[in-house]
Amino acid sequence: MKLLTSWPWTSAERIESLVNMIEPMVRLFGDSVQVGHELSCRFGPSGVCPDRLLFEIDPTWMRTGHHAQLLMELSMPEAMKKDLQQDMRHAHQFLFAAEASSGGAELRTYLGFAQPGHPQQPGLVMRGFKWCHGRERVSNYWHVPVSAHTLAIQGEQQSRLPVHAGVVWSVLMQILNAALVNGQGLDMIEMWAVTEPTTPRGSVCLRLYETGLCVADVALALEQLVTIWPSCAVSFENVIRAMGPRPLGWLAAGIDSAGLPFMTVYCEAGNQDVRTLLEEAGVAYA
């Protein structure tokens, strides 16, 4: 698979902020512990935010107790850490992520639960613990059983949504239909509903890794986001060019924790992306 070596990080300040967050992860993880990577770009009223990086971590490493030092270095709030450790008993997937945006640098830890879900709350497939400068929130990801064809048909009935929400939903449905035309692995699409108990957050996630689509295959649909969020136009082409050849992973869309509309595009990344980011910030990669 061909990956571009240059991701469109937005500014030196955000690069520094992002590297400060991920450096403890990279130092403690090592290459053998990092079993997957993902880059993502968020689109919304404030523009394009591609300063986002996620690591999937070897579950064995997490269960040995090494994670305690990492959580301490990442300054996870104590109450949140306690909740995380309780949920870790049920998790089979462990993810760490960081985002540098105009709203500040946020750290995230995700726990994935095997179906039929978290034993205390059936249907819960993932929980995300997120913290930033004293702000804390927990995102719950709920599995929604639906076929891709049914979702596409239902999607055509969403015309009464508010303008921005309607356009974003239309983009989602266009990409879903492109996946259906591609015809791979979509008998039952992986769809999640996302909620946060203490915020207005309400969104959906669609998994598209199995479709064989790259970001470039859905660029025309994504271009519609510029019409509703003109601030995205400044860097839209550069971002899509950089993401283009990468496998399309997930799409997330809806209302964020601040009550604002958004769409996020996730794509496959690799260890080289981490290395390039650190080198760009002048940090040695062991």
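Residues numbered from 1 in each chain as written. Predicted model: local features only at pLDDT ≥ 70, side-chain atom pairs only at ≥ 80, totals over all residues. Heavy atoms only, no water.

Caption draft 1: Highlighting the packing of helix α1 (residues 12-29) against helix α10 (residues 271-280). At a minimum axis separation of 10 Å, α1 and α10 run at an interaxial angle of 125 degrees. Taken as axis vectors, α1 and α10 run oblique relative to one another. Read as a crossing pair, α1 and α10 show a hand that is left-handed. Packed against α1, whose contacting residues are I15, L18, V19, I22 and V26, the element α10 presents V274, L277, L278 and E280 at the interface. Split by residue class, the contact of α1 with α10 holds eight nonpolar, no polar and one charged. (Axes fitted to C-alpha atoms, helices over the stretch in contact; angles between N-to-C directions. Helix = DSSP H or I, 4+ residues; strand = E, 2+ residues; numbered from the N terminus. Parallel < 35°, antiparallel > 145°, perpendicular 65-115°, else oblique. Left-handed = near helix turned anticlockwise from the far one by under 90°. Contact = heavy atoms within 4.5 Å. Nonpolar A, V, L, I, M, F, W, Y, C, P; charged D, E, K, R; others polar.)

Caption draft 2: Spatial organisation of the nonpolar core. Of all hydrophobic cores here, the largest spans 82 residues; its most connected members are F43 and L222. With nine residues, helix α6 (residues 163-182) is the largest single contributor of residues to this core. Counting residues in hydrophobic clusters, the runner-up holds 14 residues, among them Y110, V125, A252 and Y266. (Core = buried A, V, L, I, M, F, W, Y, C linked by side-chain atoms within 4.5 Å. Buried < 20%, exposed > 50% of the residue type's maximum accessible area, 1.4 Å probe, protein only.)

Caption draft 3: Structural view of the environment of S203. Mapped onto the elements of the fold, S203 is located in strand β11 (residues 202-207). Between the C-alpha atoms of S203 and D256, which are 53 residues apart in sequence, the distance is 7.4 Å. With sequence-adjacent residues up to four places away left out, S203 is seen in contact with W192, A193, V194, A253, G254, I255 and F262. At 2.9 Å, the side chain of S203 and the side chain of R201 are in polar contact. (Polar contact = N/O pair within 3.5 Å; in protein donor to acceptor, adjacent residues only side chain to side chain.)

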